[in-house]
Structures are given as C-alpha cells and as structure tokens.
Amino acid sequence: IKPRDSSKASAIWPKNNNRQFKMSNFFTRAWEGMIKPILFRPKRVQVAALCYRTTTGKKEVLMITSRGTGRWILPKGWPIKGKDGGESALQEAWEEAGVQNGRVQAAPIGAFSYEKELKTGLPIPVQTFVYSVGDVELSDTYPEAHQRQRKWFATQEAANLVRE
C-alpha cells in the first residue's frame, strides 16, 4: 500500500482560511438568526382569572370549557393593550364566562406553563399568570356564551380537572 501523496491533495483542496471563515460565519448566522430562535424561543404570555365564590363556608371555582376540546379550564387569554394583567384577566373572564363584576388582585397568585396549539397547528410555549377574582357576579348573556359551558366546582375538584 502506497502512502497518500499529501501534495496532490493540497493541490486539489488548497487550504483557504478565508473560505473556512465564511463557512463558519454562515453557520453562526444561521444558528443565531434561524435555528436558535426556533429551539429557544421565549414563552408567550397569557393571563387567567381564578374566579371564586364562597357558599356555605366553602370556596368554589368557576371553570369553563375550552372551545377546541371541551376540557375544563380557567378563563384565559392574551394580555390586552392598555390594561394591566389583572384587568386583562377580568376582561377574559367577562368574554368567556360572563363575569360582570369581581374584585381582582393586582398581582398574580401563581403561574403555569403549557403548549398552545395555534390555528396553523404550530405549538408555542405559553407562560400563563393567574389572577384571583373574588366577589364574582355572573351575567346570563356574554360574548362566548354559545361557545362554552361554565360551572362552579369545589376547589379540589377544579384542581383535579385542570390538565394544563
């Protein structure tokens, strides 16, 4: 077996540091501009309303069904321009559950993460901040009344129903 003649290889593939730099720069730009944002995209933010009432000394939580799967969820949605987190959560509670009035806490009481599937089928990571809403009054007519069910649940039962 004859050893490979490295001089012939270098004639065919000359060392070109400039080409190596360009390829390295190409991969760096591709990573920073396309691949990294897809793999490590920041979570989108939603707000949710944990609406509750006290009846016969026990707290109950208002849950609604999702439009897509019919699972029981808290009223939630995207923040609304011009409103803070609590105000946005209360607005979502009105639209989705008919919450007319309520006393919303200024700061969220907790948060949870889940993957929301967009209409395009693309899942996106979402961080949802939950705001407590007490002294709730319900309306019989509200924007999404024909699209959802709503129901009061004991706190433990409500917690067991949530899958997000």
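Preceding this section is the structure that the text describes.
The paragraphs below set out a description of the structure included in this document. Every chain begins its residue count from 1, and numbering advances along the sequence as written. Reporting of local features is limited, given that this is a predicted model, to residues whose pLDDT is at least 70; pairs of side-chain atoms are given and counted only at 80 or more, and all residues count toward the totals for whole chains, interfaces and linings. Excluded from the side-chain calculations are hydrogens and water; all other atoms, namely the structure's heavy atoms, are used.

### Focus: the overall build of the protein
Phase 1: Helix and strand assignments come from DSSP, with helices taken as H or I runs of at least 4 residues and strands as E runs of at least 2, each series counted from the N terminus. Check the secondary structure of the protein and you find four helices and eight strands.
Phase 2: Taken from the N to the C terminus, the helices and strands of the protein come in the order α-α-β-β-β-β-α-β-β-β-β-α.
Phase 3: Residue burial in the protein is summarised as follows: out of 164 residues, 30% are buried.
Phase 4: For the protein, contacts bridging at least 24 residues in sequence account for 67% of all contacts bridging at least 6.
Phase 5: Here the protein has roughly 11,400 Å² of accessible surface; of this, 55% comes from carbon and sulfur atoms. When accessible area is computed with a 1.4 Å probe and restricted to protein chains, residues below 20% of their type maximum are described as buried, those above 50% as exposed, and intermediate ones as partly exposed. Whether two residues touch is decided by their heavy atoms; if any such pair falls within 4.5 Å, the residues are in contact. A 1.4 Å probe and the Shrake-Rupley method give the accessible areas. Residues count as covered only by the protein chains that appear here.

### Overview of the packing of aromatic side chains
Aromatic rings considered in pairs are described by the distance between their centres and by the relative angle of their planes.
Phase 1: By convention, a stacked pair of Phe, Tyr or Trp rings (six-membered ring in the case of Trp) has centres within 6.5 Å and planes under 30 degrees apart, an edge-to-face pair has planes over 60 apart, and any other such pair is tilted. This structure, assessed with the given rule, holds two aromatic pairs.
Phase 2: Both rings, one in Trp-72 and one in Phe-153, keep their centres 5.1 Å apart while their planes meet at 75°; by these two values the pair is edge-to-face. Within this pair, whereas Trp-72 is found in strand E3 (residues 72-73), its partner Phe-153 is found in strand E8 (residues 150-154), the two being separated by 81 residues in sequence.
Phase 3: Note on Trp-72: relative accessible area 18%, which makes it buried.
Phase 4: A ring is scored as having a charge over it whenever the NZ atom of a lysine or the CZ atom of an arginine sits within 6 Å of its centre and within 35 degrees of its normal. Of note, Lys-59 hangs over the ring of Tyr-52, and the distance from its end group to the ring centre comes to 4.7 Å.

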